Amino acid sequence: MAATVGAVSKLFRVLIAVGAALSVGGTMCACGSGSGGVVARVGKTEITASALEHWMSVRAAMGPEATSVLDPGGRPSSRSWTFDFLIAAARSIGMADEEGIKVTDAEAQKALDRSRDEQIYGLSSAAGDRELAALLSSKAETPSDLLWIVKVHMLAARVEQRQRADAAPKITDKQVADYFASNRARFVLPERRDVVVIESFARAKAEQAKREIESGRGLIDVMRRKNDEPDVGGLKLDLSRKVLRHTYEENYFLSKPHQLVGPLRAEIYYLFEVTRILPAWSETLREAQFTIRQSLIAAGQRTNLTSALRVIDRKWKTITRCRAAYLVPECGAKLA
């Protein structure tokens, strides 16, 4: 199973589907508890046949409704799908162990209590926390099971946070300045105008609208009564050249403000008045540097993270060994 940044949510979709009736033994993973023979070894963690059978029975007890939406991969058998889950859990815990990332019982208990409070009092939570809350609401778990679930959730989240931090590049002031110099257009806000437009299918109606405005009737009032094309005419706020839909609308940017223009003839008769002009404005390097730096960090982080996760995935696949009868794509070699 790929060691991606999305491993947290993917792992817990699996956990929810399986149902989380865990058997916590001497190892954190709970994959090797029981008397069954070892069918796989993921780094230092062993997965036993009895653990696999236990999880398969738990998944079966959940019923097809509980797993159909959360099992989009179309696995050929319940055993293969459950085996993938056990491998994913073992890898998440193994990565945390390698990074020296730990979660104490007290931290896990605090998070568990908070999740219960949210369920009892209906407090809102993030999407990932809602998945965890759904998992913890199952009736199958013992108190030890619940604590284990929260620990794995927290470990996986901290591993992801560490991966992101490690992948973030250091951006120099020169890189920021070079980006600004090469992308000046991105930091320019073009001239914008507010324009009141009256469009009419009949020249006589357009002329009448002009006379009413010149006699003192309110511009907006006349526009509301005389405009025949609400989708094209009307009050246009913060209009820029890049959003113009018709060639004749370029006249809005050639006219002086507060002067009634028209009626003119295009596809339709129209008259207009520019009521406000907002000059073009350009950010300085000082104003734009924070945005640029964050953008460069995000772009570099994505590239570095993709590369790093490929290496991590290859590594964990190499040290994931499975018995011949239990081979799945996540197994890198046969277990002797």
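Notes on the structure follow. Model, not experiment: these values are computed from the prediction.

1. Things to note about the overall build of the chain
Broken down by element type, the chain carries eleven helices and ten strands. The buried share of the chain, reckoned over its 336 residues, is 41%. In the chain, of all internal contacts separated by at least 6 residues, the share reaching a separation of at least 24 is 69%. Carbon together with sulfur atoms contributes 53% to the accessible area of the chain, which is approximately 18200 Å² in total.

2. Notes on the pattern of salt bridges
What the rule picks out here adds up to 20 salt bridges. Two residues, Asp 173 and Arg 293, come together in a salt bridge whose shortest N-O distance is 2.8 Å. One end of the pair, Asp 173, is in helix H8 (residues 173-182); the other, Arg 293, is in helix H11 (residues 285-318), with 120 residues separating them in the sequence. Look at Arg 293 and you get partly exposed, because its relative accessible area is 21%. Where Arg 193 meets Glu 191, a salt bridge forms, and the shortest distance between an N and an O atom there is 2.6 Å. Residues joined by salt bridges that share partners form a network here, namely Glu 212, Arg 217, Asp 221, Arg 225 and Lys 226.

3. With respect to the nonpolar core
Among the nonpolar cores identified, the biggest contains 29 residues, and Ile 47, Phe 83 and Ile 87 are the most heavily contacted of them. For this core, the secondary structure elements donating two or more residues are strand E1 (38-42), helix H2 (49-62), helix H4 (78-98), helix H5 (105-121) and helix H7 (143-167). Element by element, the count of residues in this core is highest for H4, at seven residues. Judged by nonpolar contacts, the second largest core, of eleven residues, contains Val 197, Val 232, Tyr 248 and Val 274.

Analysis parameters
- Residues numbered from 1 in each chain as written.
- Predicted model: local features only at pLDDT ≥ 70, side-chain atom pairs only at ≥ 80, totals over all residues.
- Heavy atoms only, no water.
- Helix = DSSP H or I, 4+ residues; strand = E, 2+ residues; numbered from the N terminus.
- Buried < 20%, exposed > 50% of the residue type's maximum accessible area, 1.4 Å probe, protein only.
- Contact = heavy atoms within 4.5 Å.
- Areas by Shrake-Rupley, 256 points an atom, 1.4 Å probe, with all protein chains shown as cover.
- Salt bridge = Lys/Arg side-chain N within 4 Å of Asp/Glu carboxyl O.
- Core = buried A, V, L, I, M, F, W, Y, C linked by side-chain atoms within 4.5 Å.

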